[in-house]
Amino acid sequence: MEKILLEQYQNEFNEIFSNISDTRFEKYMLKLQIKRYNSYKKIWEDGVVTFDFSRIINPNIRNEIYFYYYQKLTKDEWTEQGLGARKYILNHIIDFANKKMSNAESIIQKYSRESLILNFYDLMSDRRLEYVYQSINKNNEIVFYKKHPSGLNLLLNIYDFFKDYYNQSTLFDRDKWTVDDLKLSTEQIASATTMKSISFASIKQTEMKKELKKFVIDAVKIMKWNTVISKFRDMNEFSLFLARQHPTISSFNEIERYMIEDFFNYLELKKIQSITKKNKKIHLKQAFEKMNLLEIIKTKEKLFYQTDFYYKIPQKPIETIPDSVIDQLNNALNDNRIHVAFSRMVVLLQQTGLRITDLCLLPFNCLKADSEGDYHLTVYQHKTKRFVSIPITKETAIILLEQEEETKSKYPTSNYVFLNTKGNPYNQNSFSDYLNRIAIRHSIKDENGDLYRFRAHAFRRTRATDLLSLGVSADVVSRVLGHTGLHSIKHYTKILDPEIDNALGVIEQYQELLFETAFEYQEPPSEVMKKAAIEEYLPLPNGFCGSKEECATAYACYRCPFFKCHPHFLPQYEKQLHLIKQALKIAKIGRLQRQIDLNEQIMTEIIKVIEKAKNMLSKG
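Residues numbered from 1 in each chain as written. Predicted model: local features only at pLDDT ≥ 70, side-chain atom pairs only at ≥ 80, totals over all residues. Heavy atoms only, no water.

## Regarding the overall build of the chain
1) Next: For the chain, the count of helices and strands is 23 helices and 12 strands.
2) Next: Out of the 620 residues in the chain, the part that is buried amounts to 46%.
3) Next: Sequence separation of 24 or more characterises 66% of the internal contacts of the chain that already satisfy a separation of 6 or more.
4) Next: Surface accessibility of the chain: about 33,900 Å² in total, with carbon and sulfur atoms responsible for 49%. (Helix = DSSP H or I, 4+ residues; strand = E, 2+ residues; numbered from the N terminus. Buried < 20%, exposed > 50% of the residue type's maximum accessible area, 1.4 Å probe, protein only. Contact = heavy atoms within 4.5 Å. Areas by Shrake-Rupley, 256 points an atom, 1.4 Å probe, with all protein chains shown as cover.)

Rendered as structure tokens:
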């Protein structure tokens, strides 16, 4: 970078530093008051996070690093709960700047991005700064991944920031484009999208890179951002293949049919799903058609034929989570090391079958109660772009309300209910990764004894098949899951049960099996009823009441002193015990202490009733 280019932006720097004298700036500390976070107040007793830039020897580097922090903090791009880590990381960056950039005019002047990485590792080689974490790959194998230390990641972010900041070239000349550069509207970008940039750096063919840039500029005008990313990713893979197998090709104009056939053969050998192979071929065909239509390229011959896409995709069995795995997972969620919000998300996935993206972006005030006291979850589906209402149980509603209250107390400015430990919403990748790390830690295995690999969408499929197996019609299941039509159910099961009477009642019964304490009333034998009538006992679904007055007890009869058990109702008592244990398990996962205490008390009373009924039965 030439010196004159840096001087061009010095006026903006000077404006920022105009109120700070040189002497004061040498000792200047950027201070941010930290409120609500007691953990930080324990670390910094004055409740202030202090960033000290005065230790950076080179004034040019000091101004740039300060300017970067200034931009991030004043634009609220950094959350308050992450400031402690950034204060610690700054020490590594200062150490690197003083030892490796003492005479540099700018952070981007001395090193390329690649050499910056090598020099950082060289300086920090005696420190344990590499992050290694484990996960489960698609073959259910434990794999280890290595990431850059956070100090290097921040340094690279600063480097990229000033690379763009000083760059006077046009957008077309750059190899990295962001959604802001392309001026995309919020409607074009899905809420759950984490990829906000596109890079052409890996495309080695000069003309091909220009052609793809023209394609992207036109594509974003008519397509969603995620669609553009998907098509570009497959075109990028094609260019990399050409660079290896046909290195003399520099433009898409030079592509011939045999090269397409070579690429398709390459795809067939890849260990990816058949539908993914087919989509890659279709994306390639569509991109070529679009570029020819826009006259970006003009291919010499017909490159694609219908037979390229005619092959039957093998049907895989529907992926549902086995009951044994669900039980292991629910037991693992009692681990206090697991973030409470995450545990509650897993409960809601099991009980509602929500798409993981919709759950991650669940807003406040989404819970509604009707006139009959039933709860419904109003969810905006990002896939179908519409709102749906999903029935949930009272216990699930309590879990959601507890989470809303906790999130509001910790992060009052957040728009979302479920946040991770850093105060950011979970996304599909981070959720699945966390779930599979739990599987590793607690050794969650399938029926074959293999380590189980969780996929978030499998909870939705499991919910659908569970409801269908209970006799709920496909039409009702489709509405409960928020599908736009009945055909969507075919993705979860091939069996479409015929309509049955009172299907919604079946759903309610299923919900009660998980949480509630309801019974199906069975008429006792006549001699039992006769004896009860003599004693003037009031018949109940699970026994008799000996009270002669109006009952003011609003809860289960088991704790009432007037309750009279009978051996005839022993199956109901045992069923009740099972249901209470299920409710207790859910309460423990949701960390709902009041429900835990109450269910444990009721469980103790039911066990006493069962023992008493068995004694009565043995005595005849």
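## Notes on the sheet that holds strand S8 (residues 375–381)
1) Next: Overall, antiparallel pairing links the 3 strands, which are arranged S7-S8-S9 in an open sheet. A strand with exactly one partner marks an edge of an open sheet, and here the two such strands are strand S7 (367–369) and strand S9 (386–392). Averaged over all neighbouring strand pairs, the angle between strand axes comes to 35 degrees, with direction disregarded.
2) Next: Taken together, the 3 bridges between S7 and S8 define a ladder with antiparallel strand orientation. Across the sheet, residue Ala369 finds its bridge partner in S8, namely Tyr375. (Pairing = 2+ DSSP bridges. Axes fitted to C-alpha atoms, helices over the stretch in contact; angles between N-to-C directions.)

## Here's the deal with the pairing of S9
1) Next: Where S8 meets S9, 7 bridges bridge the pair, whose relative direction is antiparallel. Its bridge partner being in S9, Thr378 is matched across the sheet by Ser389.
2) Next: Connecting the antiparallel pair S8 and S9 is a turn made up of 4 residues, with Lys385 showing a positive phi of about 60 degrees.

## Section: the pattern of salt bridges
1) Next: Taken as a whole and assessed by the stated rule, the structure comprises 19 salt bridges.
2) Next: A salt bridge links Lys100 to Asp122, with the shortest nitrogen-to-oxygen separation between them at 3.4 Å. In this pair, Lys100 sits in helix H6 (residues 83–100) while Asp122 sits in helix H7 (residues 113–123), placing the two residues 22 residues apart along the sequence.
3) Next: Note that Glu237 and Lys280 form a salt bridge whose closest N and O atoms lie 2.8 Å from each other. One end of the pair, Glu237, is in helix H10 (residues 225–245); the other, Lys280, is in helix H12 (residues 274–293), with 43 residues separating them in the sequence. Lys280 matches Glu237 in its accessibility class, with the two residues each being buried.
4) Next: A single network of salt bridges, built from pairs that share partners, joins Asp234, Glu237, Lys270 and Lys280. (Salt bridge = Lys/Arg side-chain N within 4 Å of Asp/Glu carboxyl O.)

## Details of the side chain of Glu404
1) Next: Inspection of the secondary structure puts Glu404 in helix H16 (residues 394–410).
2) Next: Of the side chains with opposite charge, Lys408 lies nearest to the buried Glu404, which makes no salt bridge, at 4.5 Å.
3) Next: Polar contacts involving the side chain of Glu404 include one to the main-chain amide nitrogen of Asn365, which spans 3.4 Å.
4) Next: Not counting residues within four places of it along the chain, the set of residues in contact with Glu404 comprises Pro363, Phe364, Asn365, Cys366 and Val417. (Lys, Arg positive; Asp, Glu negative; His and termini not counted. Polar contact = N/O pair within 3.5 Å; in protein donor to acceptor, adjacent residues only side chain to side chain.)

## Considerations on the packing of aromatic side chains
1) Next: Applying the stated criterion across every chain, the model contains 27 aromatic pairs.
2) Next: Look at Phe264 and Phe304: their rings are 6.2 Å apart centre to centre, the planes differ by 40 degrees, and that puts the pair in the tilted class. Here Phe264 is found in helix H11 (residues 257–269), whereas its partner Phe304 is found in the loop between H12 and helix H13 (323–332), with 40 residues between them in sequence. Exposure class is identical for Phe264 and Phe304. Each is buried.
3) Next: For the ring pair Phe454 and Phe459, a centre distance of 6.3 Å and an interplane angle of 5 degrees mean the geometry is stacked.
4) Next: Owing to a relative accessible area of 1%, Phe454 belongs among the buried residues under this scheme.
5) Next: Chaining the aromatic ring pairs together yields one cluster made of Phe238, Phe241, Phe252, Phe263, Phe264, Tyr266, Phe288 and Phe304.
6) Next: Its guanidinium or amino end placed over the ring of Phe172, Lys213 lies 5.7 Å from that ring's centre, counting from NZ or CZ.
7) Next: A cation sits over an aromatic face here: Lys213 above Phe200, 5.6 Å from the ring centre. (Phe/Tyr/Trp six-rings, centres within 6.5 Å; stacked < 30°, edge-to-face > 60°. Lys NZ or Arg CZ within 6 Å of the ring centre and 35° of its normal.)

Honestly, it's all geometry; don't read function into it.
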